[in-house]
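Observations on chain architecture
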Amino acid sequence: MKILVVGANGQIGKHLVGLIQDSGSHTARAMIRKQEQVSHFESVGAETAVVNLEGEIEDIAKAAEGVDAIVFTAGSGPNTGADKTLMIDLDGAVKTIKAAEMAGVKRFVMVSSYDTTRKAIQEAPESFAPYVVAKHYADEWLRGTNLDFTIVHPGLLTNDSGTGKVEIAGEVAMGEVSREDVAQVLFGTLEDNSTIGKEFQVVTGSTSVKEALGNL
Ligand code: NAP
């Protein structure tokens, strides 16, 4: 498979591109927003597409041409305000979904957040609520498409080394999960078509990624 990783220069994104390139059986196209980010991805043999998620859908669709799957792992991050949350986490995600449809790419894996239910919006602290709203509606949009989607809801992300062991289910108790392990889960999801049409929460645990995905 050729996989477009949107948000490839992010922490999860870089781990995921590495896993894809190391697999020997798949290749990555890294969607990044700055020219100076290209060299890292070229050094691991990945293709690149320099596209800003605040730009035109057509440019995202062009980046998606000829790929078999898209993983959306971009995000505005904690250091910007609700304006960027709206532009990236909601509009950027929906534009990427529309771009997938335009480019005829069926498989779409979304990195969502731990809980994007309406209850979670209502219970979120005021400063966090716009992020949960953005993720809620991006997930809703994806569920309403005909794409072969999987929605991944990670717990609290850490930079710990991956253990390869996770707990995965529709609902798991809130906990931490390393970005490396999330990348492994995304990679495993792409390789396991039984995850199509499903969504799940993931935290660190005691089951191998492959087995945990297979048990869904
Ligand atoms: P990250 O390191 O902040 O990566 C986000 C990526 O999005 C960055 O590479 C960034 O590009 C890219 N991006 C931002 N604006 C963009 C734009 N306009 N055009 C193109 N790309 C843009 O995030 P992470 O740690 O890998 O996490 C990935 C996602 O997991 C986050 O988006 C978050 O929503 C979600 N999540 C987080 C938590 C948590 O505990 N923090 C829990 C669950 C889910 P640059 O590299 O150029 O800045």
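Presented here is an overview of the structure given in this document. For every chain, the first residue of its written sequence is number 1, and the numbers climb from 1 along that sequence. The model is predicted, so local features are restricted to residues of pLDDT at least 70 and side-chain atom pairs to those at 80 or more, both for listing and for counting; the totals for chains, interfaces and linings are taken over all residues. Neither water nor hydrogens contribute to the side-chain values; these are computed over all heavy atoms in the structure.

1. Focus: the overall build of the protein
Think of it this way: any DSSP run of H or I at least four residues long counts as a helix, any run of E at least two long counts as a strand, and we number them from the N terminus. Helices and strands together make up the secondary structure of the protein, namely eight helices and 11 strands. As defined in this context, the radius of gyration uses C-alpha atoms, and a globule is described by 2.2 Å times the residue total to the power 0.38. Against the 2.2 N^0.38 benchmark of 17 Å for 216 residues, the protein shows a C-alpha radius of gyration of 16 Å, consistent with a compact globule. Along the longest, intermediate and shortest principal axes, the C-alpha atoms of the protein span 40 × 35 × 35 Å. When a residue's accessible area, from a 1.4 Å probe over protein chains only, is under 20% of the maximum for its type it is buried; when over 50% it is exposed; and in between it is partly exposed. Burial status across the protein gives 49% buried among its 216 residues. At a minimum sequence separation of 6, the contacts of the protein that also span at least 24 residues come to 68%. Accessible surface area values rest on a Shrake-Rupley calculation with a 1.4 Å probe, where residue burial reflects the displayed protein chains alone. For the protein, the accessible surface area stands at approximately 10,000 Å², while carbon and sulfur atoms represent 48% of it. The average position of the 19 basic charges and that of the 30 acidic charges among the side chains of the protein differ by 2 Å. Note on contacts: a residue pair is in contact if any heavy atoms of the two residues lie within 4.5 Å. In this count, Lys and Arg are taken as positive residues and Asp and Glu as negative ones, while His and the chain termini are left out. Think of each charge as sitting on NZ of Lys, CZ of Arg, CG of Asp or CD of Glu.

2. A closer look at the pattern of salt bridges
One speaks of a salt bridge when a side-chain nitrogen belonging to Lys or Arg is within 4 Å of a carboxyl oxygen belonging to Asp or Glu. Summed over the entire model, instances satisfying the criterion amount to seven salt bridges. With its nearest N and O atoms 2.7 Å apart, the salt bridge here joins R29 to E47. Taken as a pair, R29 in strand 2 (residues 27–32) and E47 in strand 3 (residues 47–50) lie far apart in primary sequence, 18 residues in all. On the accessibility criterion, R29 (13% relative accessible area) is buried. Between D91 and K95 there is a salt bridge, and its shortest N-O distance comes to 3.7 Å. Of the two residues, D91 and K95 are both situated in helix 4 (residues 82–103); the distance of four residues between them amounts to about one turn of the helix. Here the residues in one salt-bridge network are K2, R29 and E47, joined through shared partners.

3. Some words on the site of the ligand
Any residue with a non-hydrogen atom lying within 4 Å of a molecule or strand is treated as near it. For the ligand, the set of nearby residues contains 27 residues, the closest of which are G10, R33, N52, Y131 and R179. Between the ligand and G10, the relevant distance is 2.7 Å, taken from an oxygen atom to a main-chain nitrogen or oxygen of the residue. We define a polar contact as two N or O atoms separated by no more than 3.5 Å, with the added condition that, inside protein, one atom must be a possible hydrogen donor and the other a possible acceptor, whereas residues neighbouring each other in sequence contribute only through side-chain atom pairs. One of the side-chain nitrogen or oxygen atoms of N52 is found 2.7 Å away from a nitrogen atom of the ligand. For the ligand, whose unbound accessible area comes to 920 Å², protein coverage reaches 83%.

4. Describing the side chain of K95
Residue K95 is classed as buried on the basis of its relative accessible area, which comes to 9%. Apart from the residues lying within four places of it in its own chain, the contact partners of K95 are L53, E54, G55, I57 and I60.

5. A closer look at the nonpolar core
Put simply, buried Ala, Val, Leu, Ile, Met, Phe, Trp, Tyr and Cys residues joined by side-chain atoms within 4.5 Å make one nonpolar core. Within the largest apolar cluster, 32 residues are counted, with the highest numbers of intra-cluster contacts made by L16, V71, I168, V185, L186 and V202. At six residues, helix 7 (residues 179–191) tops the list of elements feeding residues into this core. In this structure, V71 is in contact with I3, L4, V5, V6, L16, V109, V111, L186 and L190, ignoring residues within four places of it in sequence. Core analysis: the next-biggest nonpolar cluster, separate from the first, contains 30 residues, M31, V51, A74 and A134 among them.

6. With respect to the side chain of T116
Here T116 shows up in the loop between strand 5 (107–111) and helix 5 (118–123). A relative accessible area of 6% places T116 in the buried class. Reaching out from T116, the side chain makes a polar contact with the side chain of D139 at a distance of 2.9 Å.

7. A word on the pairing of strand 2
Moving residue by residue along a regular strand, the side chains alternate between the two faces of the sheet. Along strand 2, five of the six residues are buried, which leaves the element largely enclosed by surrounding structure. Pairing between two strands is assigned when DSSP locates at least 2 bridges connecting them. Sheet analysis places strand 1 (residues 2–6) next to strand 2, joined by five bridges and oriented parallel. Bridge pairing in strand 2 places L4 opposite R29. Traced from strand 1 through helix 1 (residues 11–23) to strand 2, the parallel crossover comes out right-handed. The pairing of strand 2 with strand 3 spans four bridges and is parallel. By the bridge assignment for strand 3, M31 is matched with A49. A crossover counts as right-handed when, viewed with the strands pointing away from the observer, the path leading from the first strand over the helix to the second turns clockwise. Crossover connection from strand 2 via helix 2 (residues 38–43) to parallel strand 3: handedness right-handed.

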